[in-house]
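Letter by letter, the chains look like this.
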Protein chains: 2
Amino acid sequence: MKFSIKRSSFIQGINTVSRAISSKTTIPILTGLKLTVTDNEIILTGSDADVSIETQIQASDEDNELEISETGSIVLPARFFSGIVKKLPNDKMTLSVSNGFQTEITSGSSSFTINGLDANDYPHLPEIDNENEISLSGDVFKEIINQTVIAVSKQESRPILTGVHFVLKDQMLFAVATDSHRLSQRKVALPDNNGEYDVIIPGSSLSELSKMISDDNEDVKMKISENQVLFTIGNTYFYSRLLEGAYPDTSRLIPKESETNVQFDARELLGSIERASLLSHESRNNVVKLTINANDKKVTISGNSPDVGNVEEELDTKEVSGEDLEISFNPDYMKDALRAFGQTMINVSFTSPLRPFTLVPSEDQENFVELITPVRTF
Amino acid sequence: MKFSIKRSSFIQGINTVSRAISSKTTIPILTGLKLTVTDNEIILTGSDADVSIETQIQASDEDNELEISETGSIVLPARFFSGIVKKLPNDKMTLSVSNGFQTEITSGSSSFTINGLDANDYPHLPEIDNENEISLSGDVFKEIINQTVIAVSKQESRPILTGVHFVLKDQMLFAVATDSHRLSQRKVALPDNNGEYDVIIPGSSLSELSKMISDDNEDVKMKISENQVLFTIGNTYFYSRLLEGAYPDTSRLIPKESETNVQFDARELLGSIERASLLSHESRNNVVKLTINANDKKVTISGNSPDVGNVEEELDTKEVSGEDLEISFNPDYMKDALRAFGQTMINVSFTSPLRPFTLVPSEDQENFVELITPVRTF
């Protein structure tokens, strides 16, 4: 096995697959990065058993300056190998394997020899031969992920809640996550897709995947087998295991009616919540209180900590209607929810001080809803 | 006490004195930030008992938009107070103290009330009435600090070595630090200063101070009393305690003669050392080896780790003279030393494989020297 390559192209590939490589794995060979050289490409693979990433560097793309002299494959210690390639002195580098698994990496007058491992011992990636593929533009898919993963549970007590529930049915894709204190639900119409899926994808896998979706808005393709999902972005394949079990029925959690409605600028409300949480974070029961006076169209937020002090702020609202209300909630849930909206107007709808309330975009209300359960303070 | 101010000016002052405030102090009031309002300025103070910083915001500088309605002083919990001021919604803010120590901070429609402490309980800053002051341009002083603190000891076993030894004598300022494995010495001529000083300033204080010296190259003034040093930068005063005790005599440590001399580009050598240390870091005795063949004008660096592999690189040298040599050393000491030189040519002079070697700039060799003790590997 021997090739020379432009170092920056190679580094990009190494960085991509390194996302899946953990030094904490219990399977020693998975601390390595697998390199396979064929007649016309290099294939890099990284895996932590839950997530596997494979990416290809093509010789046909002249920008890679890839010259292959000999095919073969090897597994190299990922952390060192990556460190070495990044520190090499020249723009180009050569890698060759000889004497079994001894790998020589040269660039300029610098020459590294490192011990590799047999690529035959590296686990095989799952095979996914489902014909039905979901294809979405990168920015939409990234938005779906970022709007739902905020609500996945961080606790392993109910493992199923650490995932996002994806359902494809009636040409509509639903993504829902809840940690039982809050819920995020996103819908996207897929008019050309008649498939049916019902899977739970680990939130941690989706967060990693989201970081790999670049801003050039390349399509993301998604394919599902019995216990694995495969995402394809350009030359890169991202595999994740699925969570097994039945996801709770979340459809009945979202209230259909409301008593009090307020319209906010999401970015401005976020600023107010951040200020109020400075003090609530210091008190034992991290809550802020919203006081809605519908007659005066006045909404006030307050937070306090017996040790430090208190804060009160009158909020700038666009519309207030319905009943007066006092409601307390965890400001951190609210911050996560508001960040997922970005810069937009939102409608917040309340029923009573102890019933969950919802946030939806003022336009396109059907497609995205966040639900937050209040906190009892009396 | 009451004033209103442009928030960005106030934040700058808070950030400056916060450098000295630690939440880990054993003196509770020192977790606070002291505010004193006089007729024409606000004085902010922060301290961790070892280092104290005081800065002034003048009403006469219109850019501060400072309007003082009532003088007074208060101590506010530094971390919250800083967090609150940074998060306020408007460009301007108002602060007022009433009801004893209750402090109200308002900006836009946001209003915080926090509990302050009695400023009379805050420790007094030391008085330093030494007439003799050293004045140096900011960039020179920053360079002196950064070139010497790298060699201070991180271990408390010999506390005196955690400081930098400053000596002013014969119109020359010497700064020396050593952790007994390496040494850095910098000299600066002060032709107008006939004072005499001999003090040891904690390296940690100097590192903090260095971060406060901005790039606009304002002068730094230094004044010394029995157990304190005061640095003045513009409107800011930086106090540090001095280390007590006698600093070891370092003058005889620097070899006068050498057997082997090599000239390097400091930046290129740094790159080579960084590569070699990738492997040395993985071995138990973190060393790299330099092999100098004076006849062939060839210098090679190598590093190896039995578990991972090895690296060898021929170095680009400008001049090689004297005897052949093989010498091993800790690459981390070398990296620190080379970074302190920046982009310049340096002369490295060796006597024997077990004697310390020196690095000096190829130009201006007298003013800066770094010394590194090699490691015995046989």
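Residues numbered from 1 in each chain as written. Chains lettered and ligands numbered in written order. Predicted model: local features only at pLDDT ≥ 70, side-chain atom pairs only at ≥ 80, totals over all residues. Heavy atoms only, no water.

Chain A goes by Beta sliding clamp in an unreviewed UniProt entry, where it is assigned to Apilactobacillus micheneri. UniProt's Subunit (unreviewed entry) comment on chain A is quoted here verbatim: "Forms a ring-shaped head-to-tail homodimer around DNA." Under the heading Subcellular location (unreviewed entry), UniProt records this for chain A: "Cytoplasm". (UniProt positions renumbered as here; feature names shortened; annotations may be inferred.)

Enquirer: Help me understand the UniProt feature "domain: DNA polymerase III beta sliding clamp C-terminal" (unreviewed entry) in chain A, please; the structure alone is not making it clear to me.
Expert: Feature annotation in UniProt places "domain: DNA polymerase III beta sliding clamp C-terminal" (unreviewed entry) on residues 252-375 of chain A, given in this structure's numbering. Span residues 252-375 of chain A is 21% helix and 44% strand, its end C-alpha atoms 20 Å apart. (Helix = DSSP H or I, 4+ residues; strand = E, 2+ residues; numbered from the N terminus.)

Enquirer: Help me understand helix α6 (residues 331-341) of chain A in this model?
Expert: The periodicity of an α-helix, 3.6 residues per turn, causes residues three or four places apart in sequence to face the same way. Residues and elements named next belong to chain A. Among the eleven residues that make up α6, eight are buried, leaving the element largely enclosed by the rest of the structure. Listed as buried for α6 are P331, Y333, M334, K335, A337, L338, A340 and F341. Where α6 begins, the side chain of N330 points an oxygen toward the backbone nitrogen of D332, at a separation of 2.7 Å. G342 sits one or two residues past α6 and shows a positive phi near 70°. (Buried < 20%, exposed > 50% of the residue type's maximum accessible area, 1.4 Å probe, protein only. Polar contact = N/O pair within 3.5 Å; in protein donor to acceptor, adjacent residues only side chain to side chain.)

Enquirer: What is the right way to look at the relation of the copies chain B and chain A in this model?
Expert: Note on the chain copies: they are related by a rotation about an axis and a translation along it. Aligned on chain A, chain B shows an RMSD of 0.0 Å; the corresponding rotation is 180° and the shift along the axis is 0.0 Å. Seen this way, the second copy is the image of the first under a two-fold rotation axis. Considering only C-alpha atoms, the residue of chain B closest to the rotation axis is K24(B), which sits at 16 Å. (Least-squares fit on C-alpha atoms with pLDDT ≥ 70 in both.)

Enquirer: Looking at this model, I keep getting lost on the interface of chain B and chain A. Mind explaining?
Expert: One frequently used descriptor of interface size is the decrease in accessible area upon assembly of the parts. Tallying the contact residues gives 28 residues for chain B and 28 residues for chain A. Of the roughly 2,400 Å² buried between chain B and chain A on both sides combined, carbon and sulfur atoms contribute 55%. By the criterion of area lost to chain A, the three top residues of chain B are K87(B), R275(B) and V308(B), representing 23% of everything that side buries. At the junction of chain B with chain A, the criterion picks out two salt bridges. Close ionic contact of E274(B) with K87(A) constitutes a salt bridge, the shortest N to O distance being 3.4 Å. (Contact = heavy atoms within 4.5 Å. Buried area = accessible area lost by both parts, 1.4 Å probe. Salt bridge = Lys/Arg side-chain N within 4 Å of Asp/Glu carboxyl O.)

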